[in-house]
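Structural characterization, general
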Amino acid sequence: MSLGVFVEMRRAAATVFFLALGCGAAGAGTDNWRFDTGNDGLVTASVYATNKLITGGGALSYSPVLTIACRADGEPAWTEWLQLNDAVSASRKITMSVTIDGDNKFDESWSVGTRGRLLMRDGAEAIKRLVPANRLLLSWRFGLLSGRGQADFDLAGLGEAVRQIAGNCKTDPP
């Protein structure tokens, strides 16, 4: 690990720690969510998947991260994204299979971001549909021959997290 990456990881951990201190009892229901506010006005809440994806020929595993974000003065104001360690082979759009609370299943198009390791969906509707949910299961193809990826998220505390983000963004929750 390079020194720059180590410093950034420590900075992020310190930010999460101080945000958690500032949340106090109000953030009690958001224990699994990690909050951050960037210098560029981006306010985020992130949660790790409850499952692991295997990478590197089975030698390594990691949990994908789901992030809900709001930008106070930006368009779109609300965004959700999935951060992966392994890149998907799609270049612009990918079909994501979405299952909410185990019974509401549908496919939708997500944008492919930075080096194929970021899958995004913009708009308040994307966030609004998740607020009352308890679980989110996302499934996608890494590539034609690479198989499928799947990330399962426990959404406990999401409603409070979205309200907190909206307050910091000075906007209404979706």
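Look up a bit, the structure's there.
The structure contained in this document is the topic of the report that follows. Here the structure is a predicted model, which means the values were calculated and not measured. (Residues numbered from 1 in each chain as written. Predicted model: local features only at pLDDT ≥ 70, side-chain atom pairs only at ≥ 80, totals over all residues. Heavy atoms only, no water.)

1. Section: the nonpolar core
The condition is simple: Among buried residues, the Ala, Val, Leu, Ile, Met, Phe, Trp, Tyr and Cys ones that are joined through side-chain atoms within 4.5 Å form a nonpolar core. Exposure categories follow from relative accessible area, calculated using a 1.4 Å probe and restricted to protein chains: below 20% of the type maximum is buried, above 50% is exposed, and the middle band is partly exposed. Helix and strand definitions here come from DSSP, where helices need a minimum of 4 consecutive H or I residues and strands a minimum of 2 consecutive E residues; each element is numbered from the N-terminal end. It only takes one pair of heavy atoms within 4.5 Å for two residues to be counted as in contact.
Membership of the largest hydrophobic core comes to 38 residues, with the highest contact counts inside it found for Leu82, Leu119, Leu138, Trp140 and Phe153. Elements that contribute at least two residues to this core include exactly β2 (42–48), β5 (65–71), β6 (78–83), β7 (93–100), β8 (104–112), β10 (135–143), β11 (147–154) and α3 (158–169). Ranked by residue count, the leading element in this core is α3, at six residues. With sequence-adjacent residues up to four places away left out, Phe153 is seen in contact with Val47, Tyr48, Ala49, Pro64, Val65, Leu66, Leu82, Asn134, Arg135, Leu136 and Leu138.

2. Structural notes on the pattern of salt bridges
We count it as follows: Salt bridges are counted wherever a side-chain nitrogen of Lys or Arg sits within 4 Å of a carboxyl oxygen of Asp or Glu.
On inspection of all chains with the given rule, the structure shows six salt bridges. Among the ionic pairs, Glu108 bridges to Arg129, the shortest N-O distance being 2.8 Å. Here Glu108 is found in strand β8, whereas its partner Arg129 is found in the loop between α2 (124–128) and β10, with 21 residues between them in sequence. Each member of the pair, Glu108 together with Arg129, is buried. The closest approach of N and O atoms between Arg163 and Glu160, which form a salt bridge, is 3.5 Å. You can see Arg163 and its partner Glu160 sitting in helix α3, three residues apart, about one turn around the helix. Of the residues examined, Arg163 reaches a relative accessible area of 47% and is grouped as partly exposed. What emerges from the salt-bridge pattern is a single network uniting Glu80, Glu108, Arg121 and Arg129.

3. Here we look at α3
Convention followed: Under the convention used throughout, the expected extent of a helix is 1.5 Å for every residue step, that is, one less than its residue count.
If you check α3, its first and last C-alpha atoms are 16 Å apart, about what twelve residues at 1.5 Å a residue would give, namely 16 Å. Of all the residues in α3, the buried ones are Leu158, Gly159, Ala161, Val162, Gln164, Ile165, Ala166 and Cys169. Phi turns positive one or two residues past the end of α3, at Lys170, with a value near 60°.

4. Section: the sheet that holds β6
Which entries qualify depends on this criterion: When DSSP finds at least two bridges between two strands, those strands are taken to pair. Note on method: axes are straight lines fitted to C-alpha atoms, helices fitted across the in-contact stretch only, with angles between N-to-C directions ranging 0 to 180 degrees.
The nine strands are arranged β1-β2-β5-β6-β9-β8-β7-β10-β11 in an open sheet whose pairing can be described as antiparallel. The sheet is open, and its two edges are formed by β1 (34–37) and β11, each paired on a single side. Sheet twist, expressed as the mean angle between neighbouring strand axes with direction ignored, is 30°. Pairing of β5 with β6 involves six bridges; the strand directions are antiparallel. If you follow Thr67 over to β6, its bridge partner there is Trp81.

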